[in-house]
Amino acid sequence: MRSSYKTSDVILLLKDITGMVEPQPTQEREKLIQAGKHYCEMLPIEYVPSEKYMEVYRDALDKYSAQTAKAVGMLAERIVEKRGRDVVLVSLARAGIPIGILVKHYMEKKYAIKTPHYSISIIRGRGIDKNAMEYLLERYAPNQLLFVDGWIGKGAILNELKKNLVQYPDVSPDIAVIADPANVTDLCGTHEDILIASSCLNSTVSGLVSRTFLRDDIIGENDFHGAVYYEELQQSDLSYEFIETIEKQFDFADRQCADEKMVQGAGAQEVQEIAKRFQIEDINLVKPGIGETTRVLLRRVPWKILIDEAYRGSQELAHIVRLAAEKSVPIEYYPLKQYKCCGIIKKMADM
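Attention here is on the structure that accompanies the text. (Residues numbered from 1 in each chain as written. Predicted model: local features only at pLDDT ≥ 70, side-chain atom pairs only at ≥ 80, totals over all residues. Heavy atoms only, no water.)

## Focus on the overall build of the protein
Next up, step 1: The number of helices and strands found in the protein is nine helices and 14 strands.
Next up, step 2: In summary, the protein has a C-alpha radius of gyration of 19 Å against a globular reference of 20 Å for 351 residues, a match within 12%.
Next up, step 3: In terms of overall dimensions, the protein has a C-alpha envelope of 50 × 50 × 40 Å along the principal axes.
Next up, step 4: The proportion of buried residues among the 351 residues of the protein is 58%.
Next up, step 5: Nonlocal contacts in the protein, meaning residues at least 24 apart in sequence, comprise 80% of its contacts between residues at least 6 apart.
Next up, step 6: As displayed, the protein has an accessible area near 15000 Å², and 47% of this comes from carbon and sulfur atoms.
Next up, step 7: If the 45 positive side-chain charges of the protein are averaged to one point and the 51 negative ones to another, these points end up 3 Å apart. (Helix = DSSP H or I, 4+ residues; strand = E, 2+ residues; numbered from the N terminus. Rg over C-alpha atoms; globule rule 2.2 N^0.38 Å. Buried < 20%, exposed > 50% of the residue type's maximum accessible area, 1.4 Å probe, protein only. Contact = heavy atoms within 4.5 Å. Areas by Shrake-Rupley, 256 points an atom, 1.4 Å probe, with all protein chains shown as cover. Lys, Arg positive; Asp, Glu negative; His and termini not counted. Charge placed at Lys NZ, Arg CZ, Asp CG, Glu CD.)

## Here we look at the pattern of salt bridges
Next up, step 1: Evaluation of the coordinates by the stated rule reveals 24 salt bridges.
Next up, step 2: For Arg126, the salt bridge goes to Glu41, with nearest N and O atoms at 2.9 Å. One end of the pair, Arg126, is in the loop between β5 (122–123) and β6 (127–128); the other, Glu41, is in the loop between α1 (26–34) and α2 (51–83), with 85 residues separating them in the sequence.
Next up, step 3: In this structure, Lys82 engages Asp186 in a salt bridge whose closest nitrogen and oxygen atoms are separated by 3.4 Å. With Lys82 in helix α2 and Asp186 in the loop between β8 (175–179) and β9 (188–190), the pair connects residues that are 104 residues apart, well separated along the chain.
Next up, step 4: Residue classification places Asp186 among the partly exposed positions, given a relative accessible area of 45%.
Next up, step 5: Through salt bridges with shared partners, one network takes in Arg2, Asp16 and Glu231. (Salt bridge = Lys/Arg side-chain N within 4 Å of Asp/Glu carboxyl O.)

## Topic: the pairing of strand β4 (residues 117–120)
Next up, step 1: With burial as the criterion, each face of β4 is covered, one bearing His117 and Ser119 and the other bearing Tyr118 and Ile120.
Next up, step 2: As defined by bridge partners, strand β1 (residues 11–12) adjoins β4 across two bridges and the pair is classed as parallel. Paired with Ile11 across the two strands is Tyr118, which belongs to β4.
Next up, step 3: Two elements, strand β3 (residues 88–92) and β4, share four bridges in a ladder whose sense is parallel. Looking at β4, one finds that Leu92 is bridged to Ile120.
Next up, step 4: You can see the chain leave β3, run along helix α3 (residues 96–111) and come back into β4, and the turn it takes is right-handed. (Pairing = 2+ DSSP bridges. Right-handed = clockwise from strand over helix to strand, strands pointing away.)

## Structural notes on the environment of Leu323
Next up, step 1: By the secondary structure assignment, Leu323 is in helix α9 (residues 318–326).
Next up, step 2: You can call Leu323 buried: its relative accessible area is 0%.
Next up, step 3: C-alpha of Leu323 to C-alpha of Arg277: the two residues are 46 residues apart in sequence and 24 Å apart in space.
Next up, step 4: Dropping the residues within four chain positions of it, Leu323 is found in contact with Tyr47, Tyr53, Thr294, Leu297 and Leu298.

## Considerations on the packing of α2 against helix α6 (residues 239–247)
Next up, step 1: The contact between α2 and α6 brings their axes to 8 Å, and the two run at 45°. In terms of their interaxial angle, α2 and α6 are classed as oblique. Between α2 and α6 lies a crossing of right-handed hand. Contacts from Tyr57, Leu61, Ser65, Thr68 and Ala69 in α2 reach Glu241, Phe242, Thr245 and Ile246 in α6.
Next up, step 2: Residues that form the contact of α2 with α6 fall into these classes: five nonpolar, three polar and one charged. (Axes fitted to C-alpha atoms, helices over the stretch in contact; angles between N-to-C directions. Parallel < 35°, antiparallel > 145°, perpendicular 65-115°, else oblique. Left-handed = near helix turned anticlockwise from the far one by under 90°. Nonpolar A, V, L, I, M, F, W, Y, C, P; charged D, E, K, R; others polar.)

## A word on the nonpolar core
If you look at soluble globular proteins, the nonpolar side chains tend to sit buried side by side.
Next up, step 1: Core analysis: the biggest nonpolar cluster contains 64 residues, and Tyr57, Ile79, Val103, Met107, Ile178, Ile196 and Phe242 have the highest contact counts within it.
Next up, step 2: Considering every element that reaches this core, the biggest residue donor is α2, with 13 residues.
Next up, step 3: Residues within four places of Val103 in sequence aside, it is in contact with Val72, Leu75, Ala76, Ile79 and Leu89. (Core = buried A, V, L, I, M, F, W, Y, C linked by side-chain atoms within 4.5 Å.)

## Focus: the packing of aromatic side chains
Next up, step 1: Counting across every chain of the model gives ten aromatic pairs.
Next up, step 2: Centre to centre, the rings of Tyr135 and Phe224 are 6.1 Å apart; their planes meet at 80°, and the pair counts as edge-to-face. Here Phe224 lies in the loop between β9 and β10 (226–227) and Tyr135 lies in helix α4 (residues 130–137), a separation of 89 residues in the sequence.
Next up, step 3: Taking relative accessible area as the criterion, Tyr135 reaches 24% and is therefore assigned partly exposed.
Next up, step 4: Judged by centre distance (5.7 Å) and plane angle (75°), the rings of Phe250 and Phe252 are edge-to-face.
Next up, step 5: Given a relative accessible area of 10%, Phe250 falls into the buried group.
Next up, step 6: Here a set of aromatic residues connected by ring pairs shows up, and it is made of Tyr118, Tyr135, Tyr140 and Phe224.
Next up, step 7: A cation sits over an aromatic face here: Lys6 above Tyr240, 5.3 Å from the ring centre.
Next up, step 8: Looking at Arg139, its charged tip hangs above the ring of Tyr135, at a distance of 3.5 Å from the centre. (Phe/Tyr/Trp six-rings, centres within 6.5 Å; stacked < 30°, edge-to-face > 60°. Lys NZ or Arg CZ within 6 Å of the ring centre and 35° of its normal.)

## With respect to the sheet that holds strand β11 (residues 286–288)
Next up, step 1: Taken in spatial order, the four strands make up an open sheet running β11-β14-β12-β13, and their pairing is mixed. The open sheet terminates on both sides in strands that have one partner only, identified here as β11 and β13 (331–333). With direction set aside, neighbouring strand axes in the sheet form an average angle of 20°.
Next up, step 2: Sheet topology note: the strand β12 (residues 302–307)/strand β14 (residues 341–345) ladder contains five bridges and is antiparallel. Paired with Ile305 across the two strands is Gly343, which belongs to β14.
Next up, step 3: Sitting on the sheet, helix α8 (residues 290–299) is in contact with β11, β12 and β14, with an inclination near 35° to β14.

Right, here's the structure in full:
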């Protein structure tokens, strides 16, 4: 699969389906998803950010790159401590790819470890790419594989991973992420809900690759899951600018992997409380955390955005406030515990 990343940084185990799928408008996709069509059978029209939004993105990258770099370093240290040096990073496309590259670079620069890095697809409700797993297991021992993602919202993909890896009993269901406000993994950079600037954009900060796709008429029995390469967006590609900005902030000083307090299930409990408070029957319509809230605004049809009162006016959430204004989505200030914000998808039957 083509991408704007160097193959020395990541090998994408994906089928290039460029030109085979017509992207659909957000409203149309949302109606189909809520009527039962799976999101992986469609591709969205990529959001083209306004110049005002790009100013907010650049400001966020500048202000929070050190925070992200610290979390990447902490995550890399925990990986070395827990999994050793003979590890193979397997990032979950696409949000996990830039994070996998950052972890790989940190480990190479500090420990001189040449860490292989691949990216594969996992889709909620459809599972992990079995052909990609077979490819990896033909080349590496099962206990070498370590899955990497950007952040955890409420833990849906982690649950999907655990369920799917039952068929690969020697592969660990551990998932390594920068931020885990849901408190479901100890292999993380932080349990705080932090802004990771790569969540603010789509393909232009993810190697010009679309989200992954799976439909029988295009993805054959022996194919990897698919993705589109947006060659036409080359002039807008910020993928390496993001990576290089974070890397400039790396601190390789020896550090202890201090254990943050982790409360099992705390994030899931708060999501249930939000669903009950707003009378939402489908828990999949509630998307907590900065990364997931941003995705709701970029790719779905939001009903409203919740922001914790303590973060009213916070620069960390400026891109969310900007997107909500552009899309006329109401913001409600609401007492959150684990998260700084939460996106709620509109129930299309109510429209």
